[in-house]
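Observations on chain architecture
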Amino acid sequence: MEFSYINRKYFLEKLANDSFDLLVIGGGITGCGIALDAVLRGLKVALVEKFDFGYGTSSRSTKLIHGGLRYLKQFEFKLVRDVGRERAIVYRNALHAVLPEKMLLPIVEGGSLGKQSSSLGLWIYDLLAGVKKSERRKMLNKHETLLAEPLLKPDKVLGGGLYFEYRTDDSRLVIELAKTAHANGALLLNYAQVNSFIKDAEGKIEGAWVQDNINKDKLFCVRSKIVVNAAGPWVDTLRKEDSSLQGKRLQLTKGVHIVIPYSKLPVRQAVYFDAPDGRMIFAIPRNGITYVGTTDTVYNDDIDYPTTTREDVEYLINAINNMFNGIRLSQNDVVSSWAGLRPLIHEDGKAPSELSRKDEIIESPSGLISIAGGKLTGFRLMAEKIVDLVVKKIRHKEDRTFRKCVTKKFPLRGSNFSNSNEAEKYKQQLLLQFKPLFGEEYVVTIFHRFGSESVRILEEAVSFLKEFDPLEALIFSQLDYCIRNESIYSVADFLVRRTGDLYFNRPATLPLLEKITDYISQKLKLLPHQKDEMLHEISRIYQQAVDFSKQ
Ligand code: FAD
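Here the structure is a predicted model, which means the values were calculated and not measured.

Moving on to the site of the ligand. In the vicinity of the ligand, 39 residues are found, and the nearest of them are T30, E49, S58, L64 and T377. Between the ligand and the protein, one listed contact pairs an oxygen atom with a backbone N or O atom of G56 at 3.4 Å. Burial of the ligand by the surrounding chains reaches 97%, relative to a free accessible area of 1000 Å². Counting only elements with at least two residues in the shell around the ligand, the list comes to α2 (29-40), β8 (192-199), β11 (250-261) and β16 (336-345). For the shell around the ligand, the residue count by class is 15 nonpolar, 18 polar and six charged.

Here is the structure:
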């Protein structure tokens, strides 16, 4: 059965009528990772997501698969080791969606790191993260650093370090996980929200009341032996609903990224640099833009809709202008932005950037298992820990056997390649066939989005060339694929979370908003008011990405 809104009625009925071993709340990287691990071990799994898959923090990160070099400064060796070692695993399982990315750490006068401490830090990082020899850090002198990144200020640079990270599209990783879990038998549904819990006479959770967020009058109960709360920044909202919000609590911090046209910030490669206040910031070039982030500020506002303020943009622009030679950016140069919330565990007296990024499992007297904190990169390990616990709990009550965790070597959908050479070969074949029609950049982009599914999309784009120009043909063939295979309901699902075009291809997609809305509405047989709401929503989001009037 296709993972599509077209089958929503069937999924809703199954959710309401079956009973499950595990109900996961939250369709971010954590929840989808748990659903995949659990279904592969033989559990009967359901997952509900109140907005779209990846709606929360998992579409708003820096989009790096990294161990977090800066956590060494806080002596978080275990975190760096655990998450750092996951990088190679995530890469191997998602060869199309995760790309090796060399990162330059410039050493500058008055910066937070000196030559020796940088060299030692990067050496420890490589060691902890188990980086293979060929990819270990390389220290550069001043001349080599400026060759690697000519945009740095020559009078400030003392040297640098090159080290190895990976880049991804966070929400694509989420949807590939969701698709893989679905293909293996899990039932995952977006726009379905847990409102409250169902408990037995002893107060133990045995399911949840779920609201259909598309037909809001529909409320149904989902029965499950175990319920896991993987709701990211909303974890405490659900713990409150469970009446178990005692002890450890979340501290949300907001992180903002801004997008600048590449011509205005032409960094040759990804740079991890000092902001004037001593924090570290990434500048990452890709497809005609450079994105820069992040901020880190305490957040106590609306969790559903975090936004970028003027102050956030000023902070980042100031840091860029301070670091790069001859760059004088202003707010008008920002062509898009995103704001995300880190679901961290509160620690008394600590500043936002000092709060630990490690994950934490909290069990409540009702049996609710909540997971908070953590990194995108560490999702698989977090899922393994959670599912170990779930299996233990079920075994405590029932005589059942489950398969062992297999996610260390389990390619995600779109990554049907035995190794990176094979993935590269597939990409080259795509280029041979489709580059003359669509150009290299677009073919490569499609490959990194959809991997081994790309040929279907590109072939359909060829058939669309009768109606559309090449760029539109590509947009509508992706849209068609996402409608049939990636459970999209709205234009925002497509442009924000399935393609990221809102951030990375804004000029080409902005004029097409109405046409895309029409296409989705027609294919999904939506009502006129749903179509209007959708168009209104996406227009607001496009506007909000460049509106920094909020203080
Ligand atoms: P979320 O992605 O927020 O998912 C939770 C989901 O639960 C949401 O989609 C929400 O809609 C849903 N939900 C909430 N309530 C309900 C309910 N009642 N019913 C149903 N569903 C519900 N990590 C890295 O490894 N690399 C990075 O480069 C990186 N950069 C970052 C930059 C920033 C600015 C931030 C904020 C974080 C960054 N992180 C990074 C951390 C990483 O993004 C997060 O750890 C991760 O995305 C959290 O995922 P999650 O699934 O736990 O939460």
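More follows now that the structure is in view.
The next thing to look at is the side chain of Q530. The topology assignment puts Q530 in helix α18 (residues 528-544). Other than its neighbours up to four places away in sequence, Q530 contacts Y5, I214 and Y489.

With that settled, the discussion passes to the pairing of strand β4 (residues 98-108). Along β4, nine of the 11 residues are buried, which leaves the element largely enclosed by surrounding structure. Two strands pair when backbone bridges link them, and β4 and strand β6 (residues 157-168) are joined in this way by 11 bridges, in the antiparallel orientation. If you follow V98 over to β6, its bridge partner there is T168. Looking at chain direction, β4 and strand β12 (residues 270-274) are connected through two bridges and run parallel. Note that in β12 the partner of M103 across the bridge is A270.

On to the side chain of D18. Examined against the element boundaries, D18 turns out to sit in the loop between α1 (8-17) and β1 (19-25). Of the residues examined, D18 reaches a relative accessible area of 18% and is grouped as buried. At 3.2 Å, the side chain of D18 forms a polar contact with the side chain of K44. Setting aside its immediate chain neighbours within four residues, D18 contacts K44 and R223.

Moving on, we get to the nonpolar core. Formed by 121 residues in total, the largest nonpolar core has its most connected members in L22, I34, L43, L173, L188, I516 and I520. If one sorts the elements of this core by residue count, helix α9 (residues 379-397) sits on top with nine residues. Not counting chain neighbours up to four residues away, the residues in contact with L173 comprise I29, I65, V90, A94, A97, V98, T168, F379 and L412.

Conventions used here
- Residues numbered from 1 in each chain as written.
- Predicted model: local features only at pLDDT ≥ 70, side-chain atom pairs only at ≥ 80, totals over all residues.
- Heavy atoms only, no water.
- Near = heavy atom within 4 Å.
- Polar contact = N/O pair within 3.5 Å; in protein donor to acceptor, adjacent residues only side chain to side chain.
- Areas by Shrake-Rupley, 256 points an atom, 1.4 Å probe, with all protein chains shown as cover.
- Helix = DSSP H or I, 4+ residues; strand = E, 2+ residues; numbered from the N terminus.
- Nonpolar A, V, L, I, M, F, W, Y, C, P; charged D, E, K, R; others polar.
- Contact = heavy atoms within 4.5 Å.
- Buried < 20%, exposed > 50% of the residue type's maximum accessible area, 1.4 Å probe, protein only.
- Pairing = 2+ DSSP bridges.
- Core = buried A, V, L, I, M, F, W, Y, C linked by side-chain atoms within 4.5 Å.

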